[in-house]
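Each chain, written out:
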Amino acid sequence: MRNRILAIALVAFALFLAACTVKNEKTADVPCDELMEVVLKSVDFPATVAADEQYLEVDFGFDKSDFSDYAIVQQAVSVDLSEVIILKAADGKAGKLIEQLEARKQQLIDSLAFYPNQTESASATVVGEKSGYVYLICHKDAPQAEQALLDRLSE
């Protein structure tokens, strides 16, 4: 009888410890337009324009069923090179979208950067994922802009 009580107590204690170690990660639910504003205000971006929905598939190769919300801006003047893409990935699609954003980063570096300031921005481009959002930030201060985005998603 005493062994049974000890066994039950040990099992209960193990379950208690397991429950305490489970991370309580909350999933952010922030509109991509709001996240875009955070990024654009975090560093000195040149004038930007929002990418129209018609360019999602043609210019970027995105399938709209892979995400539920998005915000994309690019430089307004071709002498600059800046771009921000923020997508709220559909379930199971974050990996695919990250691959596409990595390919876009390489395209920015290999094909779209000509002037020294463009090369600086392209080579500083960051791609990442947090809380179901995937993003690309092309700007010479991209790491600083990324930190502002990550901070907002952690709130």
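All residue numbers here refer to positions counted from 1 along the written sequence of the relevant chain. The predicted origin of the model limits local features to residues at a pLDDT of at least 70 and limits the giving and counting of side-chain atom pairs to 80 or more, whereas totals for whole chains, interfaces and linings rest on all residues. Hydrogen atoms and water are omitted, and side-chain values are computed over all heavy atoms in the structure.

**Some points on the overall build of the chain**
Helix and strand labels come from DSSP, where a helix needs a run of H or I of at least four residues and a strand needs a run of E of at least two; each type is numbered from the N terminus. Of regular secondary structure, the chain possesses six helices and five strands. When the helices and strands of the chain are listed from N to C terminus, the series reads α-α-β-α-β-β-α-α-β-β-α. Any residue under 20% of the maximum accessible area for its type is buried, any over 50% is exposed, and the rest in between are partly exposed; the area is computed with a 1.4 Å probe on protein chains only. Within the chain, the fraction of its 155 residues that count as buried is 36%. Relative to all contacts within the chain whose residues are 6 or more apart in sequence, the contacts with residues 24 or more apart total 60%. We get accessible surface area from the Shrake-Rupley algorithm with a probe of 1.4 Å; when it comes to residues, only the shown protein chains can shield them. Accessible surface, the chain: about 9300 Å² in total, of which carbon and sulfur atoms supply 53%. Whether two residues are in contact is decided by their heavy atoms, any of which lying within 4.5 Å being enough.

**Here's the deal with the packing of aromatic side chains**
Note on aromatic pairs: the rings of Phe, Tyr and Trp (six-membered ring only in Trp) are paired at centre separations within 6.5 Å, and the planes decide the class, stacked below 30 degrees, edge-to-face beyond 60, tilted for the rest. Evaluation of the coordinates by the stated rule reveals three aromatic pairs. Seen in terms of ring centroids, Phe60 and Phe62 are 5.9 Å apart; in terms of plane orientation they differ by 15°. Their pairing is stacked. Note on accessibility: Phe60 and Phe62 belong to one class, buried. On the numbers, 6.1 Å between centres and 85° between planes, the contact of Phe62 with Phe67 is edge-to-face. Of the aromatic side chains, those joined through ring pairs into one cluster are Phe60, Phe62, Phe67 and Tyr70.

**As for the sheet that holds strand β4 (residues 126–130)**
Pairing between strands requires that DSSP locate at least two bridges from one strand to the other. Across the sheet, which stays open at both edges, the five strands sit in the order β1-β2-β3-β5-β4 with antiparallel pairing between neighbours. Unpaired on one side and paired on the other, β1 (48–50) and β4 mark the two borders of the sheet. This sheet shows a mean twist of 15° between the axes of neighbouring strands, independent of strand direction. The sheet contact formed by β4 and strand β5 (residues 133–138) spans five bridges and is antiparallel. What sits directly across from Gly128, in β5, is Tyr135. The sheet strands contacting helix α4 (residues 94–112) are β2 (67–75), β3 (83–89), β4 and β5, and the helix crosses β5 at an angle near 5°. To get an axis, a line is fitted to the C-alpha atoms, and for a helix only the part in contact is used. The angle between two axes follows their N-to-C directions and goes from 0 to 180 degrees.

**Quick notes on a nonpolar patch on the surface**
Together, Val77, Val79, Phe114 and Tyr115 make up an exposed nonpolar region whose accessible area comes to about 420 Å². Along the chain, the position of Val79 falls in the loop between β2 and β3. A relative accessible area of 41% means that Val79 is categorised as partly exposed. Exposure above 30% relative accessible area and the absence of a salt bridge qualify a residue for a patch, where like charges join within 9 Å and nonpolar side chains (Val, Leu, Ile, Met, Phe, Trp, Tyr) within 5 Å. Any carboxyl oxygen of Asp or Glu within 4 Å of a side-chain nitrogen of Lys or Arg constitutes a salt bridge here.

**A look at the confidence of the model for the chain**
Residue-level pLDDT values for the chain average 87, and 82% of them are 70 or greater. Values of pLDDT, ranging from 0 to 100, describe the predictor's confidence in every residue of the model. Contacts of residues 15–26 to residues separated by more than four positions or lying in other chains number three contacts, the stretch itself having pLDDT below 50.

**Quick word on the packing of helix α2 (residues 32–42) against helix α6 (residues 142–154)**
For the pair α2 and α6, interaxial distance at closest approach is 8 Å and the crossing angle is 140°. The two elements α2 and α6 meet at a crossing, and its hand is right-handed. Facing α2, whose interface residues are Glu34, Leu35, Val38, Val39 and Ser42, α6 presents Gln144, Ala145, Ala148, Leu149, Arg152 and Leu153. The class makeup of the residues in the contact of α2 with α6 is seven nonpolar, two polar and two charged. Throughout, a crossing is termed right-handed when the near helix is turned clockwise from the far one, and left-handed when it is turned anticlockwise from it by less than a right angle. Just so you know the grouping, Ala, Val, Leu, Ile, Met, Phe, Trp, Tyr, Cys and Pro go in nonpolar, Asp, Glu, Lys and Arg go in charged, and all remaining residues, Gly too, go in polar.

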